[in-house]
Amino acid sequence: MFKLLPAAILLLGLSGCGTSNLNYNNQQLTLQADKKFVQMNGTLLKIRRDSYGSLYLSQKILRLDEGNVVVYEDARTDILYEFEPNITRSIKVIFESKSTVIIYGKDHLYAYQLILQNGKILNVIAQQDDSQRLRMVYGMSSVQLDKILNRLDPNAKRAYYRKVITVKEPNKAILSKWNVQKVHFYPLVSPLPKMLAI
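Now for a description of the structure that goes with this document.

What counts, and at which threshold
- Residues numbered from 1 in each chain as written.
- Predicted model: local features only at pLDDT ≥ 70, side-chain atom pairs only at ≥ 80, totals over all residues.
- Heavy atoms only, no water.
- Helix = DSSP H or I, 4+ residues; strand = E, 2+ residues; numbered from the N terminus.
- Buried < 20%, exposed > 50% of the residue type's maximum accessible area, 1.4 Å probe, protein only.
- Contact = heavy atoms within 4.5 Å.
- Areas by Shrake-Rupley, 256 points an atom, 1.4 Å probe, with all protein chains shown as cover.
- Pairing = 2+ DSSP bridges.
- Phe/Tyr/Trp six-rings, centres within 6.5 Å; stacked < 30°, edge-to-face > 60°.
- Core = buried A, V, L, I, M, F, W, Y, C linked by side-chain atoms within 4.5 Å.
- Axes fitted to C-alpha atoms, helices over the stretch in contact; angles between N-to-C directions.
- Polar contact = N/O pair within 3.5 Å; in protein donor to acceptor, adjacent residues only side chain to side chain.
- Salt bridge = Lys/Arg side-chain N within 4 Å of Asp/Glu carboxyl O.

In this section: the overall build of the chain. For the chain, the helix and strand inventory stands at four helices and 11 strands. For the chain, the residues scored as buried account for 44% of the 198 residues in total. Taking all contacts inside the chain whose residues are at least 6 apart in sequence as the whole, residues at least 24 apart take part in 52%. Per element, the accessible surface of the chain, about 11,500 Å² overall, is 56% carbon and sulfur.

Right, dumping it as structure tokens:
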């Protein structure tokens, strides 16, 4: 059986599944879909961390070269928990949106336009290729969103809504609405299934 393991791993690697990534490191906001990358300079203005028992959240407020402010959020669950499987549902709950329009979805990377409770539109890019981690960036203009998606995929469609939330002031940048009730009782996360005994 152990001799078959390397062959199985090799087959999984060649199965054609694309990869995606969304990350902020060393003043660079990086997005990846399959083998295409987009990098943007993002000056870190402020960082905020929260813990909700089974979920740990990091929120970084960044200023892009274009002058507007975006927020990069990285949420990780405790080792015994995972996010509910539907990323679109999670995004809707986190932002309390009235409606969610999916602009792009490929290799676990998604772009949304959310209609918030006040009727304003928010652009969000989210990535989740691991059931225990959800990363997202929001606050881009529709022009910025179009450029990002076009560089990742020339066939990506344009953002539907053009008049959207763009933030200039860092103290008004965080628009997600995390709380203990959502995390545990809605819920956004649930216990991992117990492994079967071998």
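This part takes up the pairing of strand E4 (residues 55-64). Of all 10 residues making up E4, eight are buried, and the element is well covered by its neighbours. Sheet topology note: the strand E3 (residues 36-51)/E4 ladder contains nine bridges and is antiparallel. In the strand pairing of E4, Thr 43 is matched with Arg 63. Taken together, E3 and the strand that follows it, E4, pair antiparallel across an intervening segment of three residues, in which Gly 53 is found at a positive phi of about 80 degrees. Here E4 runs beside strand E5 (residues 69-77); their pairing, made up of nine bridges, is antiparallel. Paired with Lys 60 across the bridge in E5 is Tyr 72.

We now examine the packing of aromatic side chains. Evaluated as defined, the whole model comprises four aromatic pairs. Plain terms: the ring middles of Phe 95 and Tyr 138 are 5.0 Å apart, the flat faces sit at 85 degrees to each other, and that makes the pair edge-to-face. Taken together, the residues span a long stretch of sequence, with Phe 95 in helix H2 (residues 87-95) and Tyr 138 in strand E10 (residues 133-138) at a distance of 43 residues. Ring geometry for Tyr 160 against Tyr 161: centres 4.8 Å apart, planes inclined by 90 degrees, an arrangement best described as edge-to-face.

This brings us to the nonpolar core. In terms of nonpolar packing, the biggest core is built from 29 residues, with Leu 55, Ile 91, Phe 95, Val 124, Met 136 and Trp 178 touching the most fellow members. The element best represented in this core is H2, accounting for five residues. Dropping the residues within four chain positions of it, Trp 178 is found in contact with Tyr 52, Leu 55, Leu 57, Gln 59, Glu 73, Ala 75, Phe 83, Ile 94, Met 136, Val 183 and Leu 188.

With that settled, consider the sheet that holds strand E2 (residues 28-33). Across the sheet, nine strands lie side by side as E1-E2-E3-E4-E5-E10-E9-E8-E7; this open sheet has antiparallel pairing. The open sheet terminates on both sides in strands that have one partner only, identified here as strand E1 (20-25) and strand E7 (99-106). Averaged over neighbouring strand pairs, the angle between their axes works out to 25 degrees when direction is ignored. On top of the sheet, helix H3 (residues 142-152) reaches E2, E3, E4, E7, strand E8 (109-115) and strand E9 (121-130); it is set at about 125 degrees to E3, its chief contact.

Moving on, we get to the side chain of Asn 68. Mapping Asn 68 onto the fold places it in the loop between E4 and E5. The exposure class of Asn 68 is buried, given its relative accessible area of 5%. Reaching out from Asn 68, the side chain makes a polar contact with the side chain of Gln 144 at a distance of 2.8 Å. With near-sequence residues (within four places) excluded, Asn 68 lies in contact with Leu 62, Arg 63, Gly 139, Met 140, Ser 141, Gln 144, Val 167 and Lys 168.

Enumeration over the complete set of coordinates arrives at six salt bridges. With a shortest N-O distance of 3.4 Å, Arg 48 and Asp 50 are connected by a salt bridge. For the salt bridge of Asp 74 with Arg 133, the shortest nitrogen-to-oxygen distance reads 2.5 Å. Of the two residues, Asp 74 sits in strand E5 while Arg 133 sits in strand E10, which places them 59 residues apart along the sequence. Arg 133 gets classed as buried once you look at its relative accessible area, which sits at 18%.

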